[in-house]
Every structure is written in structure tokens, then in C-alpha cells.
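Here is how the chains run, residue by residue.
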Amino acid sequence: MTSHDARYVIPRLHALGFGGDWNPEQWTPEVWDEDLALTQQPGVNLVTVRVLSWAFLEPTPGVHDFGWLDTVLDKCLAAGVSVDLATATASPPPWLGHQWPQTLPVTDEGVRLAYGARQQYCPSSPVFLERALLLTEAVSARYADHDAVVMWHVGNEYGAHTPTCYCDVSAEAFRAWLARRYGSLDALNEAWSTAFWSQRFSDWDEVIPPRRTPYFPNPTQQLDFTTFSSDAMLRLFTAERDVIRRHSPPDKPITTNFMRFFPHADYWQWADAEDLVSDDWYPDLDDARSHVEGAAGADLMRSLGGGQPWLLMEQAVSAINWRGVNPPKTTAEYRRWSLQQVAHGADAVLHFQWRAAIGGAEKWHSGMLPHAGPRTRSWRAVVDLGAELAALREVAGARTSASVAIVLDWPSWWALELDSRPSTGLSMVGILKEWYEPLWRRGYSIDFAHPESDLSGYALVLVPQLYAVTDAGAKSLISAAEGGTTVAVGYFSGAVDERDRVRAGGYPAPWQDLLGLWVEEYRPIVGGSTIGLRPSEGSGLGARPQGTASVWSEHVHLTGAVAVLEYAHGELAGQPAVTRHDLASGGRTWYVSADLDAASMDALILRIADDAGVEPILRSAPPEGLEVTIRETPEKRFLFLLNHGQTAVAVDPTTTGDPAEWRRIGADPSVDGTLDVPAGDVVILVANQERTSVAR
Ligand code: GLA
């Protein structure tokens, strides 16, 4: 048995993981041998086995067939390929839906979905849970001590296809969840504001999920149902996790794969329940800014794990099969986007899937081994990336230290994007990206944070959008600012509490003192119009126009803050648009009451960061298209330079922290002054640590 080393997220794998989903049940045993022989070429060291193979492990209810899996795991061990063993419960076999139709999910319009695809289960079904746990019990008891197995993979992409179910079983579970949350029907009536539209409940049995209604369903009912649904799926995860924990040695971590900015599960809660975070990323090749989402999503994964390295559980080598048009990734994109995830904290680059399928719904999804076999461009790309990751072995376990945090809260996101709001034009992820991208472009290390977490360790906390905030969340921001953290808050934040009830008395009620202002009225902008912005007198920005708002504006009254930008036209002409407020305790806050165009947002965010004294990674601003990140171990620092642009750039790798004697990993190790990063390329530098302290 390999020794346990706390630095590594997979303690039994002292390297960056490389591999993917391996589905031997789709192939004959001869192909298994060919597969394992081929894994040696790119240096595959980790495969996720049998994610969706329930029907093969339990062909009929209660009858198990483990023979083939015994063979597969023994062969993996002999080949030196470690296994992330899945519980296989994400795709129930036809017999489950056929014998127990009540396990099949029901839509808000009352349509019961059929088996024939996957993930066709009601998250609240006791029958599904029972059958899933019986399988998990059998599998974990049998394989927990198998030396090929180094970690566990529970379910798969919870909620990807069925995040909610509106059936009667779910309705009953929802009522029980609400009874625990509110204690009494009176409290529920109060929280849901049922005095409105005569929605008052007189009996618990009247309470139902937000099924299809003639007009807007009750907003708090919708919000609670989304939270309940996330909890219901999480309960399935933790139940399987607990079964595994009863059998498995503790150094075999348990995870389930996330989907980045996935709107249906509160990943802060989910991450707390896992031993390590893993994630799937399928960039949209039709989006020229996919790499920015690639960076933000990876930072989110690192942050969800409290800074611990995470695993890229799935990506495609080349084409996928589920968007409208699915072109192949270029070799450069595949390499750059893979290394980008490592640059932001991933300690494994895994794929869906090892060998491209020849039948079924995903036969046009690329695999590491394509239909045409190893004589292909994409196979060579896989072999090259495998070699590169092997050379980066020392990066495993390295951390990133950030002085900037961006606040993200799932329930607030859900509440923001419900119907019946002042504007349906607000997208949580869209707003996050507008705040993230300027910092990313300048090369700051960025964390994401939960609003109720301790934010005081950051020099700068950005709150792009926090429509709904709990009392604890509101206080956490105030105490960070009072402790000297600079806090910047975006429009329409702090508007309601966690029940979606307005915090009245001038918005944002919890932060009027913090921000030194109050907002009289929200003024979303009708499609197509814009409002110009200009520097306020005394802001030191001169009189030049400073961009436009096109989605949102607010009528702001100052009570201590000073205006930095003001509205230039219309009814708000001369009123503050962006403000700054110095607190008596020494902290500084900013309020951004309008959406700004990209260039103005860039200038504003960089000004706020600079003003807060946050240091970017490099002393000189990176050229356009160049992404910079840093990871550190107690012994080494690694500087990643990724050129997403179309032209070569020259970079001065002098960092703003301690000076470092950089050497290049790979090719010619010397670095003399500036270095060139060709278009689409990635250069990784390493230096010995000059200092004793390491990233948190
Ligand atoms: C998801 C699933 C995989 C596969 C891929 C295809 O990530 O987890 O099983 O369907 O999508 O892109």
C-alpha cells in the first residue's frame, strides 16, 4: 500500500492524475487488454470505472454480477492504473422504472418521465434510495480494500438532467422539509407572504411543490423548493458516502463531479460534504471568451474545496455531441485549456471518456482514443499532454494564495433569477464575469467566497450581486470592512432576506451605513436605451465620459459616501452612480449602482483593486490575451503563462512579491529577462521558494 501523504488530494496518487472514464462494460475483454496496454503511452494513471453500469452489476433486482469488475480492477492494478471507483447509481436500469414506476421523476406539468435515457429518478424516492444504497453497500464492501481503488465517485453530475421532481412523493418530502425549516404552518405562511393573493394555507396537506400555475407561483415557495431539491440530491450523495465510509480506508477520498456554475445545487454545501472537489468542464467552442469562464470556474472549484487542489473529472479531448454544432477542439485549445485548469489548482486532468463509443447516444463524443485509433492527431495530443503532466509532477499539492475574493451565494442567485423581478435581464453568472474578467486580465489570484464565511483575511472583497442576503451574510461583510478590508458591492444587492422579503427602509437596508448611502428606487433600463456616465466633481477623473449603463440604474442618496461617477442624462442626471465611502474604522467601501460597459468596468475594478493595495502576480500588466497564475508548495513556486490570443507576446515574468529565479519547465530552462509566449501556447516556470511562508 502506498503511504499516506497529506499534501496530495488523492493520498495514494503522488502525481497529477491523467486519464478518464473507462467503460469496460461497453467492450469485450480483448478490448480491455488493448485499452490497458494503450494507457501506458500517454501515461494514464487514473481511470473512473463503471460510472453508468448499474444494469451490468445488478442485471435483475438483488442479483449481482461482479465477476467482470473483479477482472477489470485486477487488470488495472497489474497495469499500474489507479481507479476512481464509481457507485454506478446515476443511471438506474430499466427494471427499476418498470417495477417501481414511482421512482420516475415528474415535471411541473405532471408528466412522468420514462426510462430510456439516464438519471431518471425522483431525488426524494425512498425506493430509489434503498436500491442505490443496496448497490453501494455491495460494491463498497467488496472493493474498499482493493489496491487499485484510490478514490470513490458517488453518482454522477447530480441534477444535470433531473434537478427537481414534482411528484406526490416529492410533495410529501417537501412538506416534511418545510416543517423542519419553519416549525409551524403559521411560520410558513409568514415566510411565504401568503397573505398575498389569498394563498394562506390552513392545513399542511395543502402545501405542494410549485407546479404549473396560471400565473407567477409564490416566489418563496419556488425558492424553498429549489433549496429543498438541492438538499434532496445532497441527501442521496451523503447516504452513499456514509455507506462507503463504513467500509473504505480513510485515505481513499470520496467525491462527486460538479458542473462549475451549475444553477441547481448549492455547491458550498455540497463541497462541505465531500473529501475533495471534482468538476466537469465542456467549454463552448462558439464563445470567444470560454477561457475566462475556464479560469473563473476553476477558481470556484479551488475555493469550494477551501483552497485544496481539485480534480478536473471530465472534459473532452476534441468534440462533444450535445450542443447544436459540435466542432473538434484544436490541439492547442485542448492543451491550453487542460493546463489552465492545472494553473488554477486542478491536480488531475481526466476525460469523458477513454475510448470513443461506437453505439449509443454518445458515439459522436470524442474519447482519448478516437474511433480511428492511435494514428490520429487527437491521440498524439493526448500522448503529448500526458508527458507534459508527468513532467509537472511536482505541482501536485501546490496551493494558490489570493487577496481578492468574489462573493457567490446560490440561494441569492436562485432568488435573483426568479420571475416577477424588476428586470428579467439580470444573469448572475453574467454579472460575476463582468467583475471577474478585469481582475483576471490583470493577473490577480482570485478566490470565491460564501457571504457568511470569514472574509476578513482578504484585502478586497467584491460582491457583484447579492440580491438576497441573510443577517449573518450582511454582518460578515460589515465586519470585514470594519477590519480594514475594502468591500465593493454591486447593484440590486442586499435587497431582500433569505425568504425573498424586501428589506424595507431604503435599499440596501443592511448596508446603508457601510456604504454611506441609501437607494430610493431601482430603475432598470428598457431594452436598447443607455444612460451615459461621467466623473463626479472632485473625483480626480477629469470630465471625460466614463461609459454607459444599459441594463440597470438606481436613484442613490449619499449619506457619507462620495460620488466617483454620476449619471449624465435623464432623470438621474447629476445623481451618483458609483460611490466610495471611507469608514471611521479605516476600511473603504464602493457601491456600483449601474451596469457599466466592459471598458468602464475594467477601469473601475482595476482602480478599486489598486486602491485596496492588492498586488497582481506580475509587476507589469500582462499583454492582451495572456493569462497568469501562480501555485506554490513549501519548496517551489510555479508560474503559468497561457497565451489565449492570436499573436505571440513578450512577458516580463518579474512578480510583485518576492523576486524569483525562474527556470522554464520543459525545453530550454533558462529565462533571461523577457520571454516569448507564442500564440495559443503555454509556458510554465518554476523557482525555488525564497521565503518560508506558503499559501494558505
Ligand atoms: C457529462 C457526463 C458524462 C458524459 C459527458 C458528455 O459530463 O457526466 O457521462 O455524458 O457529459 O459530455
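Since the structure is predicted, the reported quantities are computational estimates derived from the model, not experimental observations.

A. Broad picture of the pairing of strand 4 (residues 149-153). Summarising burial for strand 4: five of the five residues are buried, a large majority. Where strand 3 (residues 82-86) lies against strand 4, four bridges are found, and the strand directions are parallel. When the bridges of strand 4 are listed, Asp84 appears paired with Met151. Two strands pair when backbone bridges link them, and strand 4 and strand 5 (residues 254-255) are joined in this way by two bridges, in the parallel orientation. Its bridge partner being in strand 5, Trp152 is matched across the sheet by Ile254.

B. Focus on the environment of Asp168. As for its placement among the helices and strands, Asp168 is situated in helix 6 (residues 168-182). Here the alpha-carbon distance between Asp168 and Tyr143, two residues 25 residues apart in the chain, equals 37 Å.

C. The sheet that holds strand 24 (residues 663-664), seen in detail. The four strands lie next to each other as 21-22-26-24, forming an open sheet whose pairing is antiparallel. This sheet does not close on itself; its edge strands, each paired only once, are strand 21 (626-632) and strand 24. As defined by bridge partners, strand 21 adjoins strand 22 (residues 636-643) across seven bridges and the pair is classed as antiparallel. Along strand 22, the bridge assignment pairs Ile630 with Leu639.

D. Main features of the layout of surface pockets. The volume enclosed by the largest pocket comes to roughly 1,300 Å³. Lining the largest pocket are 49 residues, and of these Leu52, Arg118, His161, Phe352 and Glu362 lie nearest its centre. For the lining of the largest pocket, the elements supplying multiple residues, two or more each, are helix 2 (54-57) and helix 10 (290-304). Broken down by element, the lining of the largest pocket gets its largest block of residues, three residues, from helix 2. Per-class residue counts for the lining of the largest pocket are 22 nonpolar, 14 polar and 13 charged. Reported here for the second largest pocket is a volume of approximately 740 Å³.

E. Highlighting the packing of aromatic side chains. The full count for this structure, using the stated rule, is 34 aromatic pairs. Look at Tyr507 and Tyr522: their rings are 4.3 Å apart centre to centre, the planes differ by 10°, and that puts the pair in the stacked class. One end of the pair, Tyr507, is in the loop between strand 13 (486-490) and helix 16 (512-515); the other, Tyr522, is in strand 14 (residues 517-524), with 15 residues separating them in the sequence. For Tyr507, a relative accessible area of 23% corresponds to the partly exposed category. Ring-pair connections join several aromatic residues into one group, and the members of that group are Tyr166, Phe174, Trp177, Trp192, Phe201, Phe225 and Phe228.

F. The sheet that holds strand 6 (residues 257-258), seen in detail. Spatial strand order, 5-4-3-2-1-9-8-7-6: nine strands in an open sheet with parallel pairing. Edge strands, defined here as strands with exactly one partner in the open sheet, are strand 5 and strand 6. Sitting on the sheet, helix 12 (residues 377-391) touches strand 1 (17-22) and strand 9 (346-351), and the angle it makes with strand 1 is about 140°.

G. View of a negative patch on the surface. Taken together, the side chains of Glu172, Asp203, Asp205 and Glu206 present a region of like negative charge at the surface. Topologically, Glu206 is positioned in the loop between helix 7 (185-191) and helix 8 (219-247).

Criteria and thresholds
Residues numbered from 1 in each chain as written. Predicted model: local features only at pLDDT ≥ 70, side-chain atom pairs only at ≥ 80, totals over all residues. Heavy atoms only, no water. Buried < 20%, exposed > 50% of the residue type's maximum accessible area, 1.4 Å probe, protein only. Helix = DSSP H or I, 4+ residues; strand = E, 2+ residues; numbered from the N terminus. Pairing = 2+ DSSP bridges. 1 Å grid on protein atoms, 1.4 Å probe; cavity = no way out; pocket = protein on both sides within 12 Å on 5 of 7 lines; lining within 4 Å. Points joined across faces, edges and corners; volume = space filled by probe spheres on them. Nonpolar A, V, L, I, M, F, W, Y, C, P; charged D, E, K, R; others polar. Phe/Tyr/Trp six-rings, centres within 6.5 Å; stacked < 30°, edge-to-face > 60°. Contact = heavy atoms within 4.5 Å. Axes fitted to C-alpha atoms, helices over the stretch in contact; angles between N-to-C directions. Patch = residues over 30% accessible without salt bridge, like charges linked within 9 Å, V, L, I, M, F, W, Y side chains within 5 Å. Areas by Shrake-Rupley, 256 points an atom, 1.4 Å probe, with all protein chains shown as cover. Salt bridge = Lys/Arg side-chain N within 4 Å of Asp/Glu carboxyl O. Lys, Arg positive; Asp, Glu negative; His and termini not counted. Charge placed at Lys NZ, Arg CZ, Asp CG, Glu CD.

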